[in-house]
Amino acid sequence: MTKRAAAAKEAAPGVAAAKKTVAPARKPPKDESRTALVRRARRINRELAEVYPYAHPELDFENPFQLVVATVLSAQTTDLRVNQTTPALFAKYPTPEDLAAANPEEVEEILRPCGFFRAKTKSVMGLSKALVEDFGGTVPGRLEDLVKLPGVGRKTAFVVLGNAFGRPGITVDTHFQRLVRRWRWTEATEPDKIEAAIGELFPKSDWTMLSHHVIFHGRRICHARKPACGACPIAPLCPAFGEGETDPEKAKKLLKYEKGGFPGQRLKPPQAYLDAGGKPAPPLGAG
């Protein structure tokens, strides 16, 4: 483990406390060579892997069907809210056949907490019907098939492929987009172009866990409005160091989830997350 990653693990509950001073190394030059960019990007991923060895998809699921439905529901809401909502949905409609034949009004009532519940009801019932009619009630394990399902785009498809089927994919969500641009890995703004650009920096075998590392870091430290620069383990590698709070003590107060002692997104997180000090999220309606 590097000294920087070790220091980051001393930063707060479950991972650990920021050092008294955070002095970033020389920022990458604007004319950074391709070789230097690849080396820096891969080093950042290695550092994040040491800080978040338990990084995982933050949607609760037990099978590919639950994951594809949960991922569709996560649009324009939090994984936490989806995780608080899907237990009731899957208890009543455990299979694509059940959900495809459901009463839309009853599904809407269950999905109401997720927002846009009418459109999401249409999507999850539509994809369930497509699974039954076109794939024998089984979630397909190919990108070209997944994107044919109602409400399923490339991002959702790669979440399913990477986490339900173990097939490499890059998940370009809002956190991923923000961080890779902040780190100057790419200047692209369109998800498909970001996906292609980042895919060229890493071997395919890294893609799924890279996505988890980046998204975890975006949620926990490198926030959109107030990044906790002073508590960041990759500060010496970041061209954007200083956009957020650089004072270590003030930065510590910005830490979220396990780093700040708060619950994560999942009601049933992996044991490795709990062992690292992470806490399960509360069920819907809990105080």
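Scoring rules and cut-offs
Residues numbered from 1 in each chain as written. Predicted model: local features only at pLDDT ≥ 70, side-chain atom pairs only at ≥ 80, totals over all residues. Heavy atoms only, no water. Helix = DSSP H or I, 4+ residues; strand = E, 2+ residues; numbered from the N terminus. Salt bridge = Lys/Arg side-chain N within 4 Å of Asp/Glu carboxyl O. Buried < 20%, exposed > 50% of the residue type's maximum accessible area, 1.4 Å probe, protein only. Core = buried A, V, L, I, M, F, W, Y, C linked by side-chain atoms within 4.5 Å. Contact = heavy atoms within 4.5 Å. Axes fitted to C-alpha atoms, helices over the stretch in contact; angles between N-to-C directions. Parallel < 35°, antiparallel > 145°, perpendicular 65-115°, else oblique. Nonpolar A, V, L, I, M, F, W, Y, C, P; charged D, E, K, R; others polar.

### Some thoughts on unusual backbone geometry
Logical step 1: A positive phi angle is found at Gln 76, which is not glycine, with a value near 60°.
Logical step 2: Relative to the elements of secondary structure, Gln 76 occurs in the loop between α3 (64–73) and α4 (79–92).

### Examining the pattern of salt bridges
Logical step 1: A complete count under the given rule lists 15 salt bridges for this structure.
Logical step 2: Here Lys 92 makes a salt bridge to Glu 106, at a shortest N to O gap of 3.1 Å. On the criterion of sequence distance, the pair formed by Lys 92 in helix α4 and Glu 106 in helix α6 (residues 104–111) is long-range, its members being 14 residues apart.
Logical step 3: Relative accessible area serves as the criterion here: at 45%, Lys 92 is assigned to the partly exposed category.

### Thoughts on the nonpolar core
Logical step 1: Counting residues in each nonpolar core, the largest one holds 42 residues, and the members touching the most others are Tyr 52, Phe 176, Trp 183, Trp 185, Ile 198, Leu 201 and Phe 202.
Logical step 2: Counting only elements with at least two residues in this core, the list comes to α2 (34–51), α10 (174–182), α11 (191–199) and α12 (207–220).
Logical step 3: In this structure, Leu 201 is in contact with Arg 34, Leu 37, Val 38, Ala 41, Arg 42 and Trp 185, ignoring residues within four places of it in sequence.

### Considerations on the packing of α4 against α6
Logical step 1: Here α4 crosses α6 at 155°, and the two axes come no closer than 9 Å. Here α4 lies roughly antiparallel to α6, going by the angle between them. Across the interface between the two elements, Thr 85, Ala 88, Leu 89 and Lys 92 of α4 pack against Glu 106, Val 107, Ile 110 and Leu 111 of α6.
Logical step 2: Across the contact of α4 with α6, the residue classes break down as five nonpolar, one polar and two charged.

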